[in-house]
Amino acid sequence: MKTAYRISALLLMAALVSWAQSEYTKNQIHSLEIKLYKANVSNDQVIKGDPIYKIRPRYPISGDFNTGKIEYDPYGRVTAIYYPNNKGDYHIKDTYTYNEKDQVVKAKMTLFELQDSIILNIAYDSLGRIEKTRWNKHTFPVKGWLHKLFYKYWSKDLTDEDYHRYYLSYNDSLNQLTETEFNNSIPKNDHYFELRDAQGNLLKEKYRYIDTTQMGPLQPKIIDTITVLREYQYTSSGLLKTDKRSVEKRSLQKGLPNVKSYDKSIVTFNYTYNDDDKVREEIKTVEQLPSKSGFIKIKGSMKTFRRVHEYPDNGKKHIVYTYDDKGNLEYSTTRVYGSDDKLIEYVEDYGKRKSIDRYNERGDHTVHIVLRKNKKISESTARYTYNDHGDWTTCLLYHNQKDDPLYFLVERTIVYY
């Protein structure tokens, strides 16, 4: 839903999700701070270089390698996150307040330089689901006339949202509303509608939002009105059988002249299962309905894609074969699990190109290899050191592509209760 997208962009809830991992809180960690440095290795000795504040996106070794600091309360809940600027100084702080059900009811982002804050308040219904979100302001504060001039082209307003949940139930504790009433409800901007059965399974959801894009004062302004409807069906045992997503987009591009466009697509996923309730096959159907952009009309189309799942070696391997719309094998993935059912290897095979990822017994990503025609063309590794609590405190990242070695050193300072 769009609320999650908004918060992700603001480093609020996304930060909470990405940092608040159970592995960090199992030993009652009070705070955790990460710093990143350039590094060199000579005679197996690590030489720490200049500090840096991020490595390039999609770095082949995954992990928590972003500089910053996080604080926890004694219950393992995130209470504050600090973000550095390009000088390494903390310039943004997010703080979180919880209710008695451990749900975030208030997220506050403070911008130190501007001495200003943006606050998100979240309310929940009796079943613990988000009911509404409210911002204390609807735009980011900016400083200086030049920033204000260009900011209006780059920024997106912060949007309040409301959630409406209907239940197919005669239980007085639930809304006694029928599917017809849900279907007749008209989508409104930033209102999310949801229909569930008596067991709580999500049957339908729909929402509409406005997305405005303009990258600069001389670029045309594009206003997209996007309406989404999703429908779900389940097997008798409660497994997801069908997921149907209809997305309708009406666009207005303001310029000389104004251009209106219309686009609608329907993507349907159908799942079948083995006797042990593991996915056996996925069928994805993409239907592009006739669309229009200005005076140009575009014909509709339909394509079908397929995935087949296999579980050899008594389930210690999970192989997925993905086929294109013509039935040709596009690529395959293989997950290999150890005796404790933890992932130890992940392989993507595109035929001529293959990548291999390996993980240690703690679940940390240690190796990423890329091969072309079975010849290694790049390799990345991560070498960790751990403290007495089992948490890693340093990680040496190495990336070698075309004989150009690159090292990063990640340091984690952990304070326990």
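Reference entry: report on the structure contained in this document. All residue numbers refer to position in the chain's written sequence, counted from 1. Two thresholds apply to this predicted model, a pLDDT of at least 70 for residue-level local features and 80 or more for giving and counting side-chain atom pairs, whereas whole-chain, interface and lining totals are computed over all residues. Just so you know, side-chain values use all the structure's heavy atoms and leave hydrogens and water out.

**Describing the environment of Glu248**
Then step 1. As for its placement among the helices and strands, Glu248 is situated in strand β13 (residues 240–254).
Then step 2. Separated by 14 residues in sequence, Glu248 and Tyr262 have C-alpha atoms that sit 7.7 Å apart.
Then step 3. Whether two residues are in contact is decided by their heavy atoms, any of which lying within 4.5 Å being enough. What Glu248 contacts, discounting residues up to four positions off in sequence, is Thr225, Ile226, Thr227, Tyr262, Asp263 and Lys264.
Then step 4. At a separation of 3.4 Å, a polar atom in the side chain of Glu248 contacts the side chain of Tyr262. Helix and strand labels come from DSSP, where a helix needs a run of H or I of at least four residues and a strand needs a run of E of at least two; each type is numbered from the N terminus. Pairs of N or O atoms within 3.5 Å make up the polar contacts considered here, provided that, within protein, one atom can donate a hydrogen while the other can accept it, and that residues adjacent in sequence are counted only when both atoms are side-chain atoms.

**Notes on the pattern of salt bridges**
Then step 1. Each reported salt bridge corresponds to a side-chain nitrogen of Lys or Arg within 4 Å of a carboxyl oxygen of Asp or Glu. Inspection of the entire model under this criterion finds 20 salt bridges.
Then step 2. Salt bridges linked by common partners bring Asp125, Arg165, Glu194 and Arg196 together as one network.

**Quick word on unusual backbone geometry**
Then step 1. Look at the link from Leu256 to Pro257: it is a cis peptide, with omega at 0°.
Then step 2. Assignment of secondary structure puts Pro257 in the loop between β13 and β14 (259–273).
Then step 3. A positive phi is found at Asp102, a non-glycine position, where the angle reads about 65°.
Then step 4. You can see Asp102 is positioned in the loop between β5 (90–98) and β6 (104–111).
Then step 5. The backbone of Asn314 shows a phi angle near 55°, a positive value even though the residue is not glycine.
Then step 6. Of note, Asn314 is situated in the loop between β18 (301–310) and β19 (317–323).

**Brief notes about the packing of aromatic side chains**
Then step 1. We call Phe, Tyr and Trp rings a pair once their centres come within 6.5 Å, taking the six-membered ring for Trp, and we label the pair stacked below 30 degrees between planes, edge-to-face above 60, and tilted otherwise. Summed over all chains, the structure comprises 12 aromatic pairs.
Then step 2. Taking 5.9 Å as the distance between ring centres and 80° as the angle between the ring planes, the aromatic pair formed by Tyr59 and Phe408 counts as edge-to-face. Of the two residues, Tyr59 is situated in the loop between β2 (45–52) and β3 (68–72) and Phe408 in strand β26 (residues 405–416); the sequence distance between them amounts to 349 residues.
Then step 3. Note on exposure labels: buried denotes an accessible area under 20% of the residue type's maximum, exposed denotes more than 50%, and partly exposed covers the range between, all computed with a 1.4 Å probe on protein chains only. Classification of Tyr59 as buried rests on a relative accessible area of 10%.
Then step 4. Taking 5.5 Å as the distance between ring centres and 65° as the angle between the ring planes, the aromatic pair formed by Tyr384 and Trp392 counts as edge-to-face. Comparing Tyr384 with Trp392, the two get one shared label, buried.
Then step 5. Taken together, Phe65, Tyr384, Tyr386 and Trp392 form an aromatic cluster joined through their ring pairs.
Then step 6. We count a charge as sitting over a ring when the NZ of a lysine or the CZ of an arginine lies within 6 Å of the ring centre and within 35 degrees of the ring normal. When the ring centre of Phe182 is taken as origin, the NZ or CZ atom of Lys206, which lies over that ring, is 4.8 Å away.
Then step 7. Directly above the aromatic system of Tyr323 lies the positively charged group of Arg306, at a separation of 5.2 Å from the ring centroid.

**Some points on the pairing of strand β23 (residues 365–372)**
Then step 1. For β23, a buried count of 7 out of 8 residues is recorded, marking the element as mostly surrounded by other parts of the structure.
Then step 2. At least two DSSP bridges between two strands are needed for those strands to be called paired. Direction of pairing for β23 relative to strand β24 (residues 375–386): antiparallel, over a ladder of 6 bridges. Bridged to His368 within β24 is Ser380.
Then step 3. From the end of β23 to the start of β24, which pair antiparallel, there are 2 residues, and Lys373 there has a positive phi angle of about 55°.

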